[in-house]
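# Survey of secondary and tertiary structure
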Amino acid sequence: MKLKSSEEICISQNHLAQLQTKYMPGNRYSFNSSTPRTRLERLLRERELRKFNQSFNLTNEVKDGNREGDPFGNDSANEGDNGGVPNEEEFLEGFTAGRTVGDAFERQDARPSKQRLLVVANRLPVSAVRKGEDSWQLEISVGGLVSALLGVKEFEARWIGWAGVNVPDEIGQKSLAKALAEKRCIPVFLDEEIVHQYYNGYCNNMLWPLFHYLGLPQEDRLATTRSFQSQFDAYKKANQMFADVVNEHYQNGDVVWCHDYHLMFLPKCLKEYNIEMKVGWFLHTPFPSSEIHRTLPSRSELLRSVLAADLVGFHTYDYARHFVSACTRILGLEGTPEGVEDQGKLTRVAAFPIGIDSDRFIRALELPQVQNHIKELKERFAGRKVMLGVDRLDMIKGIPQKILAFEKFLEENPNWRDKVVLLQIAVPTRTDVPEYQKLTSQVHEIVGRINGRFGTLTTVPIHHLDRSLDFHALCALYAVTDVALVTSLRDGMNLVSYEFVACQASKKGVLILSEFAGAAQSLGAGAILVNPWNITEVAASIGYALNMPADEREKRHWHNFMHVTTHTSQEWALTFVSELNDTIFEAQLRTRQVPPLLPTKDAIERYLQSNNRLLILGFNSTLTEPVDIPGRRGGQIKEMELKLHPDLKEPLKKLCDDPKTTVIILSGSDRGVLDDNFSEYNMWLAAENGMFLRLTTGEWMTTMPDNLNMDWVDSVKHVFEYFTERTPRSHFELRETSLVWNYKYADIEFGRLQARDMLQHLWTGPISNASVDVVQGGRSVEVRAVGVTKGAAIDRILGEIVHNRGMKAPIDYVLCIGHFLGKDEDIYTFFEPELPSEPAAAARTKVVEPVKTSATKVSTSKSGSKPSRCKKQQASSTLEKTCNYGSGSGSGWRPTMHQKPSLHEGSSVLDLKGDNYFSCAVGRKRSKARYLLGSLDDVVTLIKDLAEFSRPC
């Protein structure tokens, strides 16, 4: 590739300064105030910066007189199809050469420092051979991933991985680590047993076949079951060993990029070390559909481990879609256009198609040794069309299908038998595995049969080689090929097709490409896509390719050539790291909106210092016993039968027996559920979002407004029954003030479609003119009367509590904990101190009137009018009757009356300072609460701690 002269691309220092001001206002990873605000703006800026950076580096190469030779040897990315091997000096040169935009500025303070990139893969790009007790010979084994990262000048890369050799002694480990450090490689030392169980066992015997749709081992199911757990334990142990090495060398600001199915457990291990660590994970194989992945016994654990990463990358959108679907269907998480969301934590999932170093192949065609190879091949196959296949000898490559299709083509086209030749390069792999030995024999048998059937004394239709070719010979073979045939049955990407296109500038040959290779999504415009299982279709495509007019060949080649030369391996690596940095920035923006974890120590200290405490506790997912993971047998039944967590029974009793503490269980469940779980405690129960209330020693009463309209219930009930019948594993609850349809255990996609249909039907029919609210949960639809929320009810609940109990002091401490729907989170804001009109330290005192209630169970009233606002005069008269505490001398506490109407209905009496109010959302990171409690276990721990300091009656 000819470079432009330095005069043609010379950039003035003034223009450089302008570009630095525009694109580099500071360190590109510092996310300062001049960073573009939207994600798309940031990524576009990164793209422009990369293009300018490449242009500037090109200028430097011309000025410095750099040679055009390529320092990197590579083969197909991670699929290991072929490749040459550069020497050590070239390898090191690839690591250290190159400058960034900042090199244009001589001022030390203007030059941005390179970001460190820790590349973690199963194997280092170096194989070590021991020559003595403390001496090693290092052989460079460069693949597509190495080529991608060595060509990136913007980062300072470090490689972490296994060197491919067992080093049990300390002297050998130290000497090897020292030798590898010169190559900027860091070894992970794995013993033979770990390698056997982790790499040969779990990775190659379980994950690799499953990800390529070959299924789990079937020969000896009992033996497989017995060995699986030990292999998985070794897999986790090996991943932890990788994490230990990463953590040892990690520095703040580093990007950690984990690669492939060997290290699916690594993101979780790294985040456990440091939650702030920037972690990306990329899969170089296909990711199967959720129906295939769910057969893996460790399916859930692996998915959750990968989701610990900030960015998860795949070659194609199909693989990314399958991953999101698996997380949705197996884990029950929420899939979004950007990735997978788990209680506010977003793991971004995206497609990043890898490429090749196309310039390397283009330049190689001009080398004398390659030209000599091309000349020899043209003379050898003069007068015949050349078809080429380059594959590993592997089940997924579809070599038998390719050869059988070629046989069928020769059968149907006798005139082509002496005019075409198929060159099949089959690189041996895993030669000690019986399945691969059987495949080799099968291929040899088919090739021999076809050559015996259609060959002559001087020519044979198939030339089959069980070995690899060096880089120069491979480039020459690509250049003379008329038709390249890629018939993979399942392939992550298959970069042989990219290499072929890069070498076809003069020949403009045709590419026949399997639709099951990842490259089909990138090169589909110019290639002939085939189903390799359809032998007839592949044979017909061979005929079409051989007879294709020159103008069509040129158009197809141009489409593919443009893609291969623009979507290079270097661009792939830069794009992924750029997106990872931006994902971290987006996460930082979201984190600012996420409440902090509850300061447990402070909450307990203020609990002890207070005189009249109010504890408001939700029930479902807050105090309930754990249920099975969604999808497991029995989980649905257990969740429908809500039970109090057994570890909370004693702590709750202690809290309820403390005279300074009032406990309210505020739930959306009906009265029967609360009675079954809490009737033995001295507490208040508020059922159906506070519409029904009772002290456990008394009777149920209603707090519903007298004019609450419930005429819509019957018509909504019929709709819910209909959709429950149509949606397997869904159910609905008929409550006195609401109806809830739950599809948590139904098929997630079908459940969502049904919920959408239900809502459309409700809004156009039964509730079109009704005074109702429709509340959508994660897997539920609830219809309730307007104004029925926990926040609206708490006012009336507190009024009744004050009326019922002769309080000796105002409520000066509130702890509110729950896993509430967004509609009900108004309870959190209810207790928030209002904007102060007086000094900020002043306590909040708020008094309004209680509702009229009866001491017996009451039925729901139905009327057509909406609830009216409270009247100031009613509040005043009630206060005189219910809030005049203390002796006649006036020494007792007496609440005061605001001169303006209350913002809330009902009645509550608070003397609450902001520091004594703790609202906590359980497991929800998007919440109006002040604080978070991560899980039900955290709730149990907090309740136990509070109970230890409670004083019984």
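Residues numbered from 1 in each chain as written. Predicted model: local features only at pLDDT ≥ 70, side-chain atom pairs only at ≥ 80, totals over all residues. Heavy atoms only, no water.

### Overview of the pairing of strand β20 (residues 684-687)
Where burial is concerned, the two faces of β20 agree: the one with W684 and A686 and the one with L685 and A687 are both buried. Note: β20 against strand β21 (residues 692-695), four bridges, orientation antiparallel. Residue pairing in the sheet places L685 in a bridge with R694 of β21. Taking the residues between adjacent antiparallel strands as the criterion, β20 and β21 are bridged by four residues, where E688 takes a positive phi near 50°. (Buried < 20%, exposed > 50% of the residue type's maximum accessible area, 1.4 Å probe, protein only. Helix = DSSP H or I, 4+ residues; strand = E, 2+ residues; numbered from the N terminus. Pairing = 2+ DSSP bridges.)

### So, the state of the cysteines
In the structure shown here, the tally under the stated rule is zero disulfides. In this structure C258 is a free cysteine whose sulfur lies 9.6 Å from that of C269, the closest cysteine sulfur available. By relative accessible area, C258 is classed as buried at 0%. Among the cysteines around C920, which has no disulfide bond, C816 carries the closest sulfur, lying 8.1 Å off. (Disulfide = S-S within 2.5 Å.)

### Section: the sheet that holds strand β12 (residues 385-392)
Backbone-to-backbone hydrogen bonds pair the strands of a sheet. The strands run either parallel or antiparallel. Across the sheet, six strands lie side by side as β14-β13-β12-β15-β16-β17; this open sheet has parallel pairing. If you trace the sheet from one side to the other, it starts and ends with β14 (462-465) and β17 (528-530), each paired once. Strand-to-strand twist across the sheet, computed as the mean angle between neighbouring axes with direction ignored, equals 20°. Each of β12, β13 (420-427), β15 (483-486), β16 (510-514) and β17 is contacted by helix α19 (residues 535-546), which is oriented at about 170° to β17, the strand it contacts most. (Axes fitted to C-alpha atoms, helices over the stretch in contact; angles between N-to-C directions. Contact = heavy atoms within 4.5 Å.)

### Some thoughts on the pattern of salt bridges
A pair can form between side chains of opposite charge whenever their charged atoms are brought close. Scanning the model with the defined rule gives 35 salt bridges in all. Between R453 and E407 there is a salt bridge, and its shortest N-O distance comes to 3.2 Å. In this pair, R453 is assigned in helix α15 (residues 434-454) and E407 in helix α14 (residues 399-412), connecting sequence segments 46 residues apart. Relative accessible area serves as the criterion here: at 46%, R453 is assigned to the partly exposed category. Across the pair R930 and E832 runs a salt bridge whose closest N-O atoms are separated by 3.0 Å. Residue R930 is found in the loop between β30 (917-922) and β31 (931-933), and its partner E832 is found in the loop between α29 (826-830) and β28 (844-846); the two are separated by 98 residues along the sequence. On the basis of relative accessibility, which here comes to 22%, the residue R930 falls in the partly exposed class. What you see here is one network of salt bridges that share partners, running through E334, E749, R752 and R779. (Salt bridge = Lys/Arg side-chain N within 4 Å of Asp/Glu carboxyl O.)

### Description of the packing of aromatic side chains
With the rule as written, the count across this model stands at 32 aromatic pairs. An aromatic cluster of three or more residues is present, and its members are Y198, Y202, F228, F232, Y235 and F265. Above the ring of Y607, the side-chain terminus of R613 is found at 4.0 Å from the ring centroid. The residue whose ring lies beneath R671 is F692, and the NZ or CZ to ring-centre distance is 4.0 Å. (Phe/Tyr/Trp six-rings, centres within 6.5 Å; stacked < 30°, edge-to-face > 60°. Lys NZ or Arg CZ within 6 Å of the ring centre and 35° of its normal.)

### Focus: the side chain of S780
Within the element layout of this structure, S780 appears in strand β26 (residues 780-785). Setting aside residues up to four positions removed in sequence, S780 forms contacts with V740, W741, N742, Y743 and V775.

### A look at the confidence of the model for the chain
In this model, the chain carries a mean pLDDT of 79, and residues with pLDDT of at least 70 account for 76%. Confidence over residues 61-111 falls short of pLDDT 50; this stretch has 132 contacts with residues more than four positions distant or in other chains. Across residues 629-634, where pLDDT falls below 50, the model places six contacts with residues more than four positions away in sequence or in other chains. (pLDDT = per-residue confidence, 0-100.)

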